[in-house]
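# Report on the structure
Here is what each chain is made of, one letter per residue.
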Amino acid sequence: MGDLLPFRKRRKTWTRPEDYGRVLPTSTWRGESRRGPGRLARLWRASRWWLALIALAGLWVLWRDAARFDPPAFLEGQPVKVEGDWTLCGAGRGPLCVVDGDTLKVGERRVRIVGLDAPEAEARCTAEAEGAKRAGAVLLRWVNAAPFELVPRLDSPTDKWGRELMTARRTVRGRSETAAEVLIEAGVARPYTGDARLGWC
């Protein structure tokens, strides 16, 4: 026993560390940096509201400018199937008639076909009047070729003349075809994407 006493005196006493029992910070047990979120995360937090505003502005422009282009599928309303004999509007016209290259009459309804700019029947010059006749003739052949659909938007918008804005389309050999595409390819109309319209005179 006498030999063990000096050994006990020399034995190092254990002391509790200062951080013993302390709860570790979340960043430590998650393996994250103690300096906080990374640069990309900070950039996202700073810009997310601006990105949301830009997205909302884009949707607003898309909703407002209905006559400029065909609406995306999620904005389409219920298609209306149209089938019958079409004539040119005027004396002796039937219930289905073509006004000019971008306007149809379905009974009492007036429909503005979206996605194109064609010469107007109410022309400002002889050149535009002739262009309206050519565009109307191409559209008349298209609507009489086979049944097609008039596709409105969900909100059923109209232009400043009260015409309903719709897409005229049909499926040909498994491919969707619009009246606007046909008239533009025939060279009697121009694409309309919202830019200032050029004259036809």
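Summarised in this report is the structure supplied together with it. (Residues numbered from 1 in each chain as written. Predicted model: local features only at pLDDT ≥ 70, side-chain atom pairs only at ≥ 80, totals over all residues. Heavy atoms only, no water.)

### Some remarks on the pattern of salt bridges
Operational definition: The term salt bridge refers to a side-chain nitrogen of Lys or Arg lying within 4 Å of a carboxyl oxygen of Asp or Glu. Relative accessibility decides the category of a residue: with a 1.4 Å probe and only protein chains considered, values under 20% of the type maximum give buried, values over 50% give exposed, and everything between is partly exposed.
On inspection of all chains with the given rule, the structure shows 8 salt bridges. Asp159 is paired through a salt bridge with Arg163; the nearest N and O atoms lie 2.7 Å apart. Arg163 gets classed as buried once you look at its relative accessible area, which sits at 5%. Salt bridges sharing common partners tie together Asp102, Arg112, Asp159 and Arg163.

### What to know about the packing of aromatic side chains
Here is the rule we go by: Stacked, edge-to-face and tilted are the three classes for Phe, Tyr and Trp ring pairs, Trp counted by its six-membered ring, which pair at centre distances within 6.5 Å; planes under 30 degrees apart are stacked, over 60 edge-to-face, the rest tilted. A run of H or I in DSSP becomes a helix once it reaches four residues, and a run of E becomes a strand once it reaches two; helices and strands are each numbered from the N terminus. Distance and angle both matter: a charge sits over a ring if NZ of Lys or CZ of Arg is within 6 Å of the ring centre and within 35 degrees of the ring normal.
The full count for this structure, using the stated rule, is 2 aromatic pairs. An angle of 35° between the planes, with centres 5.8 Å apart, marks the rings of Trp86 and Phe148 as tilted. Of this pair, Trp86 sits in the loop between strand 1 (80-82) and strand 2 (87-88) while Phe148 sits in strand 7 (residues 148-152), and the two are 62 residues apart along the sequence. Summarising the burial analysis for this pair, Trp86 and Phe148 share the class buried. Geometrically, the ring pair formed by Trp142 and Phe148 is tilted, given 5.1 Å between the ring centres and 50° between the ring planes. The two residues Trp142 and Phe148 agree in class, both being buried. Residue placement shows Arg170 over the ring face of Trp142; its charged tip is 4.0 Å from the ring centre. Stacked on the ring of Trp200, the Lys or Arg Arg190 has its end atom at 3.7 Å from the ring centre.

### Concerning the side chain of Arg112
Using the following cut-off: Pairs of N or O atoms are called polar contacts if they sit within 3.5 Å, as long as, within protein, a hydrogen donor faces a hydrogen acceptor (for residues adjacent in sequence, only side-chain-to-side-chain pairs). Note on contacts: a residue pair qualifies if any of its non-hydrogen atoms lie within 4.5 Å across the two residues.
Residue placement: Arg112 occurs in strand 5 (residues 109-113). At a separation of 3.1 Å, a polar atom in the side chain of Arg112 contacts the main-chain carbonyl oxygen of Leu116. Those residues within four positions of Arg112 in sequence are excluded, and the remaining contacts are Asp102, Asp159, Arg163, Glu164, Leu165, Met166, Tyr192 and Arg197.

### Focus: the state of the cysteines
Applied cut-off: The definition used for a disulfide is geometric: two cysteine sulfur atoms within 2.5 Å.
Throughout the structure, instances matching the rule amount to 2 disulfides. At a sulfur-sulfur separation of 1.9 Å, the disulfide partner of Cys89 is Cys97. On the S-S bond that ties Cys89 to Cys97, the torsion sits near 80°, and the link is right-handed. Residue Cys89 is classed as partly exposed on the basis of its relative accessible area, which comes to 27%. Here Cys125 pairs with Cys201 through a disulfide, and the sulfurs are 2.1 Å apart. Of note, the bridge from Cys125 to Cys201 carries an S-S torsion of about -105° and is left-handed in sense. Of the two residues, Cys125 sits in the loop between strand 6 (116-117) and helix 4 (126-145) while Cys201 sits in the segment after strand 10 (190-191), which places them 76 residues apart along the sequence. Using a relative accessible area of 22% as the deciding quantity, one classes Cys125 as partly exposed. Sequence-ordered numbering of the bonded cysteines in the chain gives a disulfide pattern of 1-2, 3-4.

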